[in-house]
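Breakdown of the fold
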Amino acid sequence: MELIRVTNNKNSNVPVPPIKDNNFIIHPGTLQNLEIESSINQPLKFEQKPFIEANTQKVLLRELKNDCIIPVFSKDNEKTIAHQEFIDIAQDCVSTVFNHHQIDSPEIRVSHQIKGRIPDAIHKSAKDLLAHERTQYFERMAFVIRIPSITEDINGNKLSLIAGGVRAYNHENLYSKKSIEKFKFFIGFQNMVCCNLCVSTDGFSAEMRVRNYQELRSKILELIQGYSAEKHLEQMQQLPNYSLTEQQFAQLIGKSRLYHYLPKKEKMILPNFLLNDGQISTIAKDYYLDESFCRNEQGNINLWNVYNLFTSANKSSYIDTFLDRNSNAFEFTNGLKNAISGNSNHSWFLS
């Protein structure tokens, strides 16, 4: 793989970080010794699928800025940190850390539209409202920012470095006074064959609690700089070396269904598994039908494919549970790897 430096065109007043071997930007605790492949002017080899589906729709950043109102805390009318502000802060952080790399525009998905109207249209019926008389915002928003100049290959699948976040107003008490606001943020990889996200606990914050823009920016930077891409990749590179037989996979599917109905005492001693029954059914179906990650001719399936069946099924999750389940899928698959080696309480799912 050819090593090449890619320059981001975005201007920045931040000092350029130190360079090692003229190939890669080095930050304490951040990405090191990864191969960097430029994707500029290379044709896209894979169909660009959404990173999440469920009941979401795609929007552009300018649509959030121009077409949506900003929710407030009702008791003091203090504004929330808006979706577009979260994305802008995340973009700035990613550009700061990776300012010598190509950075794509954010891909944004929203759900749970909250509709309203301006006061002048108070007496109109809904069907008679004009475009300028309608207001809206989206209760839930997820976005990803791809860094396509940093890639790796696992089991023939191209992975691209990616960062992103989730904001869900249903996790805030907007009927009270302004309080600490909660965000989810991650940095990890995206499998470009299927656009599934690969998120580990080391690169994921399930609840960033902040009071203002500065705290949000600081915590995002801290997470990015503390993420070990090498460790994450090493763990994923081991997965194709472990396989489940058809019988073990059937046990996994059956025990995963039973898991959600276990008595509380029994469930507490087992590893957490967050995918629901509908998603487990999707995994069972794709074991036979998925073009990229199905079983082989002998009925066996390696854990890399199992992991991607998990993350693919997770695309049906609502935005506010999506990242938690994605991160859990990675930890659970690693547990299955340890169970195959005979050293994990995940063995309950295979026995």
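Heads up: the structure comes first, above all this text.
My aim in this report is to walk through the structure given alongside it, one point at a time. (Residues numbered from 1 in each chain as written. Predicted model: local features only at pLDDT ≥ 70, side-chain atom pairs only at ≥ 80, totals over all residues. Heavy atoms only, no water.)

**So, the packing of helix H5 (residues 246-259) against helix H7 (residues 277-289)**
For the record, the criterion: Helix axes are fitted to C-alpha atoms over the stretch in contact, other axes to C-alpha atoms as well, and angles between N-to-C directions run from 0 to 180 degrees. Runs of E in the DSSP output that reach at least two residues are strands. Runs of H or I that reach at least four are helices, and both are numbered from the N terminus. For classification, angles of less than 35 degrees are called roughly parallel, those exceeding 145 degrees roughly antiparallel, those between 65 and 115 degrees roughly perpendicular, and all remaining angles oblique. The handedness criterion is simple: a crossing whose near helix is rotated anticlockwise from the far helix by less than a right angle is left-handed, and one whose near helix is rotated clockwise is right-handed. We call two residues in contact when some of their heavy atoms are within 4.5 Å.
Between H5 and H7, whose axes approach to 9 Å, the crossing angle comes to 165 degrees. The orientation of H5 relative to H7 falls into the category roughly antiparallel. In terms of crossing hand, the pair formed by H5 and H7 is left-handed. Listed contacts from H7 to Glu246, Phe249, Ile253, Ser256 and Arg257 of H5 are Asp277, Ile280, Ser281, Ile283, Ala284, Tyr287 and Tyr288.

**Examining the layout of surface pockets**
This is how the line gets drawn: Here a cavity denotes grid points, spaced 1 Å and computed from the protein atoms alone, that fit a 1.4 Å probe unable to get out, and a pocket denotes an open set having protein on both sides within 12 Å along at least 5 of 7 lines; residues with an atom within 4 Å of a point are the lining. Grid points are joined across faces, edges and corners, and a volume is the space filled by probe spheres set on the points. The classification used treats Ala, Val, Leu, Ile, Met, Phe, Trp, Tyr, Cys and Pro as nonpolar, Asp, Glu, Lys and Arg as charged, and all other residues, Gly among them, as polar.
In this structure, the second largest pocket occupies an estimated 220 Å³ of space. Lining the second largest pocket are Lys49, Glu53, Val193, Cys194, Asn196, Asp290, Glu291, Ser292, Phe293, Ser312 and Lys315. Among the residues forming the lining of the second largest pocket, the class breakdown is three nonpolar, three polar and five charged.

**With respect to helix H2 (residues 83-97)**
Heads up, the condition is: Any helix carries an expected span of 1.5 Å times its number of residues minus one. Categorising residues by exposure relies on relative accessible area from a 1.4 Å probe, with only protein chains included: less than 20% of the type maximum marks a residue as buried, more than 50% marks it as exposed, and the intermediate range marks it as partly exposed.
Over its 15 residues, H2 runs 22 Å from end to end, which matches the ideal 21 Å to within 8%, given 1.5 Å per residue. Counted residue by residue, H2 has eleven buried out of 15 residues, so it is predominantly covered. Burial in H2 covers these residues: His83, Gln84, Phe86, Ile87, Ile89, Ala90, Cys93, Val94, Ser95, Thr96 and Val97.

**A look at unusual backbone geometry**
One non-glycine residue, His112, lies in positive phi territory at about 55 degrees. Turning to its location among the elements, His112 is positioned in strand S6 (residues 107-117).

**Points about the environment of Phe204**
By secondary structure assignment, the location of Phe204 is in strand S11 (residues 204-210). In this structure Phe204 comes out as buried when scored by relative accessible area, which is 12%. In contact with Phe204, not counting residues within four places along its chain, are Lys184, Phe185, Phe186, Val199, Leu223, Leu323, Asp324 and Ser327.

**A look at the pairing of strand S7 (residues 134-154)**
Sheet faces and side chains relate simply in a regular strand, where the side chains alternate between the two faces. Which entries qualify depends on this criterion: The pairing criterion is simple: DSSP has to find at least two bridges between the two strands.
With respect to burial, S7 is a largely interior element, 19 of its 21 residues being buried. One ladder, built from ten bridges, connects S6 with S7; its direction is antiparallel. The residue bridging Arg109 from the neighbouring strand is Ala142, located in S7. Note: S7 against strand S8 (residues 157-168), twelve bridges, orientation antiparallel. Paired with Ile145 across the two strands is Ala163, which belongs to S8. The turn joining S7 and S8, which pair antiparallel and follow one another in sequence, is formed by two residues; a positive phi near 55 degrees is taken by Asn155.

**A closer look at empty space enclosed by the protein**
To find leftover empty space, one rolls a probe the size of a water molecule over the atoms. By the definition in use, this model includes two cavities of 30 Å³ or more. In this structure, the largest cavity occupies an estimated 60 Å³ of space. The wall of the largest cavity is formed by Leu64, Cys68, Ile69, Ile70, Pro71, Ala82, His83, Gln84, Tyr137, Phe138 and Tyr169. Elements that contribute at least two residues to the lining of the largest cavity include exactly H2 and S7. Considering only residue class, the lining of the largest cavity consists of nine nonpolar, two polar and no charged.

**Let's talk about the packing of aromatic side chains**
How two aromatic rings sit relative to each other is given by the distance of their centres and the angle of their planes. Under the convention used in this document: Pairing of aromatic side chains requires ring centres within 6.5 Å, counting the rings of Phe and Tyr and the six-membered ring of Trp. Pairs whose planes differ by under 30 degrees are stacked, by over 60 edge-to-face, and all others tilted. Here, over-ring charges are defined by two tests on the NZ atom of lysine or the CZ atom of arginine: distance to the ring centre within 6 Å, and angle to the ring normal within 35 degrees.
Summed over all chains, the structure comprises 15 aromatic pairs. An aromatic cluster is present here, built from Tyr259, Phe273, Phe310, Phe332, Trp348 and Phe349 joined pairwise through their rings. One cation-aromatic arrangement involves Lys255 over Trp348; the distance from NZ or CZ to the ring centre is 4.5 Å. Against the face of Tyr259 rests Lys267, its NZ or CZ located 5.0 Å from the ring centre.

**Description of the pattern of salt bridges**
Condition: Within this document, salt bridges are pairs made up of a side-chain nitrogen of Lys or Arg and a carboxyl oxygen of Asp or Glu, the two lying within 4 Å of each other.
Summed over all chains, the structure comprises 18 salt bridges. Where Arg146 meets Asp104, a salt bridge forms, and the shortest distance between an N and an O atom there is 3.8 Å. Highlighted residues: Arg146 in strand S7 and Asp104 in the loop between H2 and S6, separated in sequence by 42 residues. Here Asp104 falls in the partly exposed class, since its relative accessible area comes to 24%. With a closest N to O distance of 3.3 Å, Arg167 and Glu172 form a salt bridge. Each member of the salt-bridge network shares a partner with another, and the members are Arg167, Glu172, Lys178, Glu181 and Lys182.

**Describing the pairing of S6**
The sheet contact formed by strand S3 (residues 57-59) and S6 spans three bridges and is antiparallel. Within the sheet, the bridge partner assigned to Gln57 lies in S6 and is Val110.

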